[in-house]
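Overview (structure and organization)
Listed below, chain by chain, are the residues.
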Amino acid sequence: MSRVSLVVVAGTTETAAIDGISAAGADPTLRRHTPSADLEIVTDGRPAADSPLPISPSGSPTPAVITRAVRELVDFDVVGVDAGLAVPTATPTRDACAEPGGDVRNPKPVPDAAAILDRGRELAGEIASGEVAATDHERGSGPPDELLIAETIPGGTTTALGTLTALGERPSVSSSLAANPVERKQRVVDEGLAASGLAPGDAAGDPASAVRRMGDPVLAAATGLLVGAAAADVDVALAGGTQLAAVAALARHAGVDRRLPLATTSFVADDPTADVAGLAADLDLALLATDPGFDGSDHPAMRAYARGEVKEGVGMGGALALADRAGVPAATVRERVASLTDRLVAEHGSGAGAQDIEVEGDRL
């Protein structure tokens, strides 16, 4: 198998504090910790001692658990990128020189978007050349054969919706909630457009403006990484759902015209409110949706995923695609997800800000 580096771009935005927007953490305060803990789980196998285990309000664990479970079965490197973390993470990261994003309902939630895009391009060159080692110190360094770009940012589907609208692209995104709050997100985006003096499509051809006025810092850094990797002629794929499709849209408006893979989960692909297939077709993305068969499990966490909780994030779809490519049976992935989830809940279930996982009467 070729050498693969999963680049997880992590950040925060005040948009995530809007009521009913995100399930990436039990409440707005804990959501500020989620991206930092996600990086720790993927790289180290557990959150740091002072990090809460990210769990949705209804009890579904972070998709970082699935990505980590696959990483324990398939050999790939991880590089973390700090693109506006509100809380420091215990794992080493590369700095995208970004501050946490503001509320998308206000003008210019990412005032330094252009600089973050430029920094993302620089990081792409450093990672592709092997100058950036994997964050797991047990792994060696060297140039990867393929980059997978992923994200973790609560509230990110709402800022993706705003960015797609500003670009004039299909305004279609998924959600970490089982029932996609489409109307609520649209109201938030409409307020943001009015505050920024934008009509749909006004930022077409100007990705920095679209992110500066309607996006988040993770979109800026991930777009810079994609543009930089394309310029260096590095094999690159997008590991995620509609947020990564928004990154592809920004890259298209920056002039990237090569065909790009989008590796997501069946949970996103089967979400009729997201229409990721239509968005992928618009943007000439090769859509790959992997089904881990969680609906066949009696484990409460996997049953929550199968009902549409969380759906994607932290490179989950890309990791599942790597497992499939490596010939790892889906049943083996499910077993590892179950054991890892049980261990993390046992270690962190009563930690600071953590909660028990309760799903339809079942408790872990």
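To keep things clear, this report deals only with the structure shown in the data block. (Residues numbered from 1 in each chain as written. Predicted model: local features only at pLDDT ≥ 70, side-chain atom pairs only at ≥ 80, totals over all residues. Heavy atoms only, no water.)

Quick word on the overall build of the chain
Regarding its fold elements, the chain presents 14 helices and nine strands. Of all 364 residues assigned to the chain, the portion counted as buried reaches 62%. Within the chain, contacts between residues at least 6 apart in sequence are counted, and of these 78% link residues at least 24 apart. (Helix = DSSP H or I, 4+ residues; strand = E, 2+ residues; numbered from the N terminus. Buried < 20%, exposed > 50% of the residue type's maximum accessible area, 1.4 Å probe, protein only. Contact = heavy atoms within 4.5 Å.)

Digging into the side chain of Arg252
By the element assignment, Arg252 lies in helix 9 (residues 242-253). No salt bridge is formed by the buried Arg252; the nearest opposite charge belongs to Asp284, separated by 4.3 Å. Excluding anything up to four places from it in sequence, Arg252 contacts Asp257, Arg258, Arg259, Leu260, Leu283, Asp284 and Leu285. (Lys, Arg positive; Asp, Glu negative; His and termini not counted. Salt bridge = Lys/Arg side-chain N within 4 Å of Asp/Glu carboxyl O.)

Regarding the packing of aromatic side chains
Within this structure, the stated rule accounts for two aromatic pairs. A ring pair is formed by Phe294 and Tyr305, whose centres lie 5.7 Å apart and whose planes are at 50 degrees; its orientation type is tilted. Of this pair, Phe294 sits in the loop between strand 7 (285-290) and helix 12 (300-306) while Tyr305 sits in helix 12, placing them 11 residues apart in sequence. The class for Tyr305 is buried, based on a relative accessible area of 1%. Clustering of aromatic rings is evident, with ring pairs tying together Phe267, Phe294 and Tyr305. (Phe/Tyr/Trp six-rings, centres within 6.5 Å; stacked < 30°, edge-to-face > 60°.)

Comments concerning the nonpolar core
Ranked by internal contacts, the top residues of the largest apolar core, which has 65 residues, are Val9, Ile149, Leu225, Leu226, Leu238 and Leu285. The element best represented in this core is helix 8 (residues 217-231), accounting for 10 residues. Dropping the residues within four chain positions of it, Val9 is found in contact with Val81, Ala83, Ala150, Glu151, Thr152, Val218, Ala221, Ala222 and Leu225. Among the nonpolar cores identified, the runner-up in size contains 40 residues, and Val42, Val65, Phe76 and Val328 belong to it. (Core = buried A, V, L, I, M, F, W, Y, C linked by side-chain atoms within 4.5 Å.)

Re the packing of helix 5 (residues 156-167) against helix 7 (residues 207-214)
Relative to each other, helix 5 and helix 7 sit at 135 degrees, their axes nearing to 9 Å. Of the possible angle classes, the one that applies to helix 5 and helix 7 is oblique. Like other packed secondary-structure pairs, helix 5 and helix 7 cross with a definite hand, here right-handed. Residues Thr159, Gly162, Thr163, Ala166 and Leu167 of helix 5 touch helix 7, and the partners they reach there are Pro207, Ala210 and Met214. Grouping the amino acids of the contact of helix 5 with helix 7 by side-chain chemistry returns five nonpolar, three polar and no charged. (Axes fitted to C-alpha atoms, helices over the stretch in contact; angles between N-to-C directions. Parallel < 35°, antiparallel > 145°, perpendicular 65-115°, else oblique. Left-handed = near helix turned anticlockwise from the far one by under 90°. Nonpolar A, V, L, I, M, F, W, Y, C, P; charged D, E, K, R; others polar.)

Quick look at unusual backbone geometry
Notably, Cys97 is not glycine yet its phi reads approximately 60 degrees, a positive angle. For Lys108, which is not glycine, the phi torsion reads 50 degrees and is therefore positive. For Lys108, the position within the fold is in the loop between strand 3 (94-95) and helix 4 (113-128).

What about helix 7?
Most of helix 7 is tucked away, with six of its eight residues classed as buried. When we look at burial in helix 7, the residues that qualify are Pro207, Ala208, Ser209, Ala210, Val211 and Met214. Looking at the packing, one finds that the buried side of helix 7 touches helix 4, helix 5, helix 6 (182-196), helix 8 and helix 9.

Quick look at the pattern of salt bridges
Applying the stated criterion across every chain, the model contains 14 salt bridges. Between Glu347 and Arg46 there is a salt bridge, with the nearest N and O atoms lying 3.1 Å from each other. In this pair, Glu347 sits in helix 14 (residues 330-348) while Arg46 sits in the loop between helix 2 (34-44) and helix 3 (64-71), placing the two residues 301 residues apart along the sequence. Glu347 gets classed as partly exposed once you look at its relative accessible area, which sits at 37%.

Comments concerning the sheet that holds strand 2 (residues 77-82)
Hydrogen bonds between backbone groups are what pair the strands of a sheet, and the pairing can be parallel or antiparallel. Judged by pairing direction, the sheet is parallel, and its seven strands sit side by side in the order 3-2-1-4-5-6-7 without closing on themselves. If you trace the sheet from one side to the other, it starts and ends with strand 3 and strand 7, each paired once. Two elements, strand 4 (residues 146-152) and strand 5 (residues 235-239), share four bridges in a ladder whose sense is parallel. Paired with Glu146 across the strands is Asp235, a residue of strand 5. (Pairing = 2+ DSSP bridges.)

So, the environment of Leu198
Following the sequence through the fold, Leu198 ends up in the loop between helix 6 and helix 7. Take Leu198: its relative accessible area is 10%, and that puts it in the buried class. Residues Leu198 and Thr165, 33 residues apart in the sequence, show an inter-C-alpha distance of 9.5 Å. Excluding anything up to four places from it in sequence, Leu198 contacts Ala166, Leu193, Arg213 and Met214.

Concerning the pairing of strand 5
In summary, the side chains of a regular strand alternate between the two faces of the sheet. Of all five residues making up strand 5, four are buried, and the element is well covered by its neighbours. Crossover handedness for the path strand 5 to helix 9 to strand 6 (residues 260-265): right-handed. (Right-handed = clockwise from strand over helix to strand, strands pointing away.)

Remarks on the packing of helix 3 against helix 13 (residues 316-325)
Relative to each other, helix 3 and helix 13 sit at 25 degrees, their axes nearing to 8 Å. Our classification of the angle between helix 3 and helix 13 gives roughly parallel. Along this stretch, helix 3 crosses helix 13, giving a crossing that reads as left-handed. Residues Ile66, Thr67 and Val70 of helix 3 form the contact with helix 13, whose own contacting residues are Met316, Ala319, Leu320 and Ala323.

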